[in-house]
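# A look at the structure
Here are the chains, one letter per residue:
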Amino acid sequence: MKFKKLVASMCIAAVSIASLAGCSSEPKDSNSQGDAGANQEKVTLQIGFENSMSEPIGQALQHWADLLDEKSGGTMEIVLYPDSQLGNKTDLIDSMLLGENVATLADGAFYADYGVPDFGIVFGPFLFDNWEQCWTLIESDWYKEQESKLQEKGLKILTSNWAYGARHTLTVKPVNTVADLAGMKIRVPSNQIQSLGFDVLGAASTGMSLGDVYQALQTKTIDGAENPLATLYGRKLHEVAQNLILDGHVLNFTTWVCSNDWFNSLTEEQKNLLIETGNEAGLYNNGIQAEAEADYLQKMIDEGVTVVEPTEEVIAGFREKAQAFYDMGDKFGWSEGLYDTVRTAMGAQ
């Protein structure tokens, strides 16, 4: 898929997501209809995340905080803690499971590790053909079923319509087709789904902390790394690996998750406000993410990166190799026929 088409698709998909219904339920312990709880103590949600406030996702979170403050009449607030100020994702999840008022960013591969294995498929290679399929999937009955299973584990997804970015591959040697990946050591996050997802393409996946990748590329300990353009550029990895193929092997949408117990302590009106404003902020995020991706790509080109925009034929070759991943359901504990179930749920032809 051409990069310009991908950006356009993101923009169109973001604008096209349906708005959630308005809020009308009566607040708990209040005698006033339609009052968000003027006499109640202010509800605070602390959101901890790894990104900086200057990144698109940080800007979108600030938009969410502003929306919630406005629409709740100041009775609800989001307090932001960027740059891992509240700890890492595992620390935050542990706090959620204790019922604390915290939230963080997470994805399907992470939820698979927390007892909902089928959720992990959304991080499989070349599962989605375009962003519209992501947004169709998150509105499907299948997705709602996974959310319910996660709630049983103590975690509540507040919003899922946030694009984190298409994940592309940056290498020290050119990659023009999937065959060029054969034997190349490609850094991936240290989880089974992403490791096997690259192994089936012919690469030798290498789990490694993101902070170690620059030096590993510089010393040619590894041959490449994958991530959204914002991360590849932000970590300056293009300085030591100047070949980029816009394969979009994962269309990485993300979610914001909190404690299910804490969420259930809110009134129905408060719950609805939190979800409604989260989804509205997701639309805002998707627009600025698309603009940022185009900007990062141009900066990389200006700084000497050779960019391959693969043809549909080349992408078809990647997809064909990736199919072996979806035959590994037993390794992940997936339900029978999960790939076909999810492709149907996302509206794939």
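Residues numbered from 1 in each chain as written. Predicted model: local features only at pLDDT ≥ 70, side-chain atom pairs only at ≥ 80, totals over all residues. Heavy atoms only, no water.

## As for the overall build of the chain
To keep it simple, the criterion reads: Working definition: helices are DSSP H or I runs of at least four residues, strands are E runs of at least two. Numbering for both runs from the N terminus. The cut-offs for exposure are 20% and 50% of the maximum accessible area for each residue type, with area from a 1.4 Å probe on protein chains only; residues under the lower value are buried, those over the upper are exposed, and the others partly exposed.
Of the regular secondary structure elements, the chain holds 14 helices and nine strands. The 349 residues of the chain split such that 55% are buried.

## With respect to helix H3 (residues 89-97)
For clarity, the threshold we go by: Of all possible arcs, the one meant is that of the directions from the helix axis to the C-beta atoms. Each polar contact in these results corresponds to two N or O atoms within 3.5 Å; when the atoms are within protein, one needs to be able to donate a hydrogen and the other to accept it, and residues that are neighboring in sequence are counted only if both atoms are side-chain atoms.
Every buried residue belonging to H3 is among Lys89, Leu92, Ile93, Ser95 and Met96, and all of these are buried. Angularly, the buried residues of H3 cover 155° about the axis, an arc narrow enough to put them on a single face. Near the N-terminus of H3, the side chain that reaches the backbone nitrogen of Thr90, with its oxygen 3.1 Å away, is that of Asn88. One or two steps after H3, the chain reaches Gly99, where phi turns positive at roughly 85°.

## Re the packing of helix H2 (residues 56-71) against helix H11 (residues 268-302)
So the rule is basically this: Orientation is described by axes fitted as lines to C-alpha atoms, over the contacting stretch for helices, and by angles from 0 to 180 degrees between their N-to-C directions. Geometric relationships in this document are graded by angle, where less than 35 degrees denotes roughly parallel, more than 145 denotes roughly antiparallel, 65 to 115 denotes roughly perpendicular, and other angles denote oblique. Crossings are classed by handedness, with left-handed meaning an anticlockwise turn of the near helix from the far one by less than a right angle and right-handed meaning a clockwise turn. For this classification, the nonpolar set comprises Ala, Val, Leu, Ile, Met, Phe, Trp, Tyr, Cys and Pro, the charged set comprises Asp, Glu, Lys and Arg, and every other residue, Gly included, is treated as polar.
Interhelical geometry of H2 versus H11 gives an angle of 155° and a closest axis separation of 8 Å. Here H11 runs roughly antiparallel to H2, going by the angle between their axes. Read as a crossing pair, H2 and H11 show a hand that is right-handed. In the contact of H2 with H11, the residues fall into 13 nonpolar, six polar and three charged.

## Section: H11
Condition: One less than the residue count of a helix, multiplied by 1.5 Å, gives the span that helix is expected to have.
End to end, H11 covers 51 Å across 35 residues, agreeing with the expected 51 Å (1.5 Å per residue, within 8%). Gly304, located one to two residues past H11, shows a positive phi value of around 100°.

## Considering the environment of Gly120
Here is the rule: In this analysis, two residues are considered to be in contact whenever any of their non-hydrogen atoms come within 4.5 Å of each other.
Among the structural elements, Gly120 can be located in the loop between helix H4 (108-113) and helix H5 (131-138). Residue Gly120 is classed as buried on the basis of its relative accessible area of 0%. Separated by 74 residues in sequence, Gly120 and Gln194 have C-alpha atoms that sit 9.7 Å apart. The contact partners of Gly120, leaving out residues within four places of it in the chain, are Gly108, Ala109, Ala112, Ile193 and Trp334.

## Considering the confidence of the model for the chain
Inclusion rule: The predictor reports its confidence for every residue as pLDDT, a score running from 0 up to 100.
Of all residues in the chain, 88% attain a pLDDT of 70 or more, and the chain-wide mean is 89. Of the regions scoring below 50 in pLDDT, residues 1-38 engages in 75 contacts with residues more than four places distant in sequence or in other chains.

## Description of the environment of Lys42
Looking at where Lys42 falls in the secondary structure, it is placed in the loop between helix H1 (3-16) and strand S1 (43-48). Residue class for Lys42 comes out partly exposed when judged on its relative accessible area of 41%. For Lys42 and Thr75, which are 33 residues apart along the polypeptide, the C-alpha to C-alpha distance reads 4.8 Å.

## Digging into the packing of aromatic side chains
Aromatic rings considered in pairs are described by the distance between their centres and by the relative angle of their planes. The cut-off we apply is this: Two rings from Phe, Tyr or Trp (for Trp, the six-membered ring) form a pair when their centres sit within 6.5 Å of each other. Planes less than 30 degrees apart are called stacked, planes more than 60 degrees apart edge-to-face, and all others tilted. Counting as a charge over the ring demands two things of the Lys NZ or Arg CZ atom: a distance within 6 Å of the ring centre and an angle within 35 degrees of the ring normal.
Inspection of every chain in the model, using the stated rule, returns 19 aromatic pairs. Chaining the aromatic ring pairs together yields one cluster made of Tyr111, Phe119, Phe128, Trp131, Trp135, Trp142, Tyr143 and Phe253. If you follow Lys89 out to its NZ or CZ, it ends over the ring of Phe110, 5.4 Å from the centre.

## Some remarks on the side chain of Ser160
The topology assignment puts Ser160 in strand S4 (residues 155-171). Leave out the neighbours within four places in its chain, and Ser160 touches Trp135, Ile138, Tyr143, Glu147, Phe253, Thr254, Thr255 and Asn279.

## Brief notes about the pairing of strand S6 (residues 204-207)
For the record, the criterion: Between any two strands, at least two bridges found by DSSP are needed for them to pair.
Here four bridges tie strand S5 (residues 185-188) to S6, and the two strands are oriented parallel to one another. If you follow Val188 over to S6, its bridge partner there is Gly207.

## What to know about the nonpolar core
To keep things clear, this is the line we draw: For this analysis, a nonpolar core means a set of buried residues of the types Ala, Val, Leu, Ile, Met, Phe, Trp, Tyr and Cys, connected via side-chain atoms within 4.5 Å.
Grouped together as the largest cluster of nonpolar side chains are 61 residues, with contacts concentrated most on Ile121, Leu137, Trp142, Leu181, Leu201 and Phe253. Here Leu181 is in contact with Val175, Ile186, Phe198, Leu201, Gly202, Ala203 and Phe318, once residues within four sequence places are set aside. With 28 residues, the next largest nonpolar core counts Ala65, Ile78, Ala103 and Leu274 among its residues.

## A closer look at the pattern of salt bridges
Counted only if it meets this: Within this document, salt bridges are pairs made up of a side-chain nitrogen of Lys or Arg and a carboxyl oxygen of Asp or Glu, the two lying within 4 Å of each other.
Going through the model one piece at a time under the given rule, you end up with ten salt bridges. In this structure, Glu276 and Lys71 form a salt bridge, with 3.1 Å as the shortest nitrogen-oxygen distance. Taken as a pair, Glu276 in helix H11 and Lys71 in helix H2 lie far apart in primary sequence, 205 residues in all. The shortest N-O distance in the salt bridge between Glu280 and Lys71 comes to 2.8 Å. Pair noted here: Glu280 is in helix H11 and Lys71 is in helix H2, with a separation of 209 residues, a long-range link. When its relative accessible area of 36% is taken as the criterion, Lys71 is described as partly exposed. Within the structure, one salt-bridge network assembled from shared partners comprises Lys71, Glu276 and Glu280.

## So, the pairing of S1
Threshold: Look down the strands so they point away from you; if the path from the first strand over the helix to the second goes clockwise, the crossover is right-handed.
The pairing of S1 with strand S2 (residues 76-81) spans six bridges and is parallel. Considered in S2, the bridge of Val43 is made with Met76. Chirality of the crossover, the property in question, places the unit of S1, H2 and S2 among those that are right-handed. With two bridges joining them, S1 and strand S3 (residues 102-106) adopt parallel strand pairing. When the sheet's bridge partners are listed, Gln46 is paired in S3 with Val102.

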